[in-house]
Amino acid sequence: ETGVTQSPTHLIKTRGQQVTLRCSSQSGHNTVSWYQQALGQGPQFIFQYYREEENGRGNFPPRFSGLQFPNYSSELNVNALELDDSALYLCASSLPRGTGQETQYFGPGTRLLVL
Amino acid sequence: DAKTTQPNSMESNEEEPVHLPCNHSTISGTDYIHWYRQLPSQGPEYVIHGLTSNVNNRMASLAIAEDRKSSTLILHRATLRDAAVYYCILRDSANAGGTSYGKLTFGQGTILTVHP
């Protein structure tokens, strides 16, 4: 069974640029959630994708957007990068809510530095 | 999601049991208590979850107070590999309209240090 993978592992961008982060979910998991973790803080929920549609969103501006593909993999896009976007971005996959097996399995994260 | 309160940090010696407390006085009847941990330079990892009864798995035990307003994660014999940030999270088990929306709301967690 393949776990959650994310790419790239590290990334450096400058203010104003755009970035795309990628996530492959665990086999059989059709729900993907994205989190942002600033240094020294707990992860903060960005949004969740289920059946290729956004299905819940945290307190993040519209310049944070995402996609989910038919194979359940997902992308997180951030436009007009700001210095405060520097963080560890985590992807988690799970089975749908209501199945009784909603444990979220996290990837290792992508560390983004915005200069 | 209801809020949880955990100590900022705890210390333990290797091979000794560790009891990590969590207060959740505003828990609702449909909230499950989940524990995740995050080892250094890794994503969070599921540890255990429960609703009302105490739970055991290969990683840990979860003791839930009778009024469900607090719980304790028990590591029976701490190892150096257990050094991590431990998060206590409440998740609503109600399946709202058949959606799959189920975010995790992380707090600051408890930093567990294990001494050799």
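For the structure, see preceding data.
In this report, we go over the structure that sits alongside the text.

So, how was this worked out
Sequence order as written defines the numbering, with residues in each chain counted from 1. Each chain takes a letter, starting from A, and each ligand takes a number, starting from 1, following the order in which they are written. With the structure being a predicted model, the display of local features is reserved for residues of pLDDT at least 70 and the display and counting of side-chain atom pairs for 80 or more, all residues being used for whole-chain, interface and lining totals. Note that the side-chain values use all heavy atoms of the structure and ignore hydrogens as well as water. Whether two residues are in contact is decided by their heavy atoms, any of which lying within 4.5 Å being enough. Accessible area that two parts lose when put together, evaluated with a 1.4 Å probe and summed over both, is termed the buried area. Throughout this description, the term salt bridge denotes a Lys or Arg side-chain nitrogen within 4 Å of a carboxyl oxygen of Asp or Glu. Under the rule applied, a polar contact is a pair of N or O atoms within 3.5 Å (in protein, one hydrogen donor and one hydrogen acceptor; residues adjacent in sequence only if both atoms are side-chain atoms). A run of H or I in DSSP counts as a helix once it spans at least four residues, and a run of E counts as a strand once it spans at least two, with each numbered from the N terminus. Two strands pair if DSSP finds at least two bridges between them. Every axis in this analysis is a line fitted to C-alpha atoms, fitted for helices over the stretch in contact. Angles between the N-to-C directions lie between 0 and 180 degrees.

## Observations concerning the interface of chain B and chain A
Inference 1: Facing 21 residues of chain B, the contacting portion of chain A comprises 25 residues.
Inference 2: Here chain B meets chain A over a buried area of about 1,900 Å², counting both sides, of which 46% is carbon and sulfur.
Inference 3: Applying the counting criterion to the chain B and chain A interface returns 0 salt bridges.
Inference 4: The interface formed by chain B and chain A includes 3 residue pairs in polar contact (both at pLDDT 80 or more).
Inference 5: Taken together, the elements giving at least two residues each to the side of chain B that touches chain A come down to strand S3 (31-38) and strand S8 (84-92) of chain B.
Inference 6: At 3 residues, S8 of chain B tops the list of elements feeding residues into the side of chain B that touches chain A.

## What about the sheet that holds strand S3 (residues 19-24) of chain A?
Strand pairing in a sheet relies on backbone hydrogen bonds. The paired strands run either parallel or antiparallel.
All names here are of chain A.
Inference 1: The antiparallel open sheet is built from 4 strands, whose spatial order is S1-S3-S8-S7. Strands with a single pairing partner mark the edges of an open sheet, and in this sheet they are strand S1 (5-7) and strand S7 (64-68). Averaged over all pairs of adjacent strands, the angle between strand axes in this sheet comes to 20°, irrespective of strand direction.
Inference 2: Bridging between S7 and strand S8 (residues 74-78) involves 5 bridges; their strand directions are antiparallel. Residue pairing in the sheet places glutamine 68 in a bridge with serine 74 of S8.

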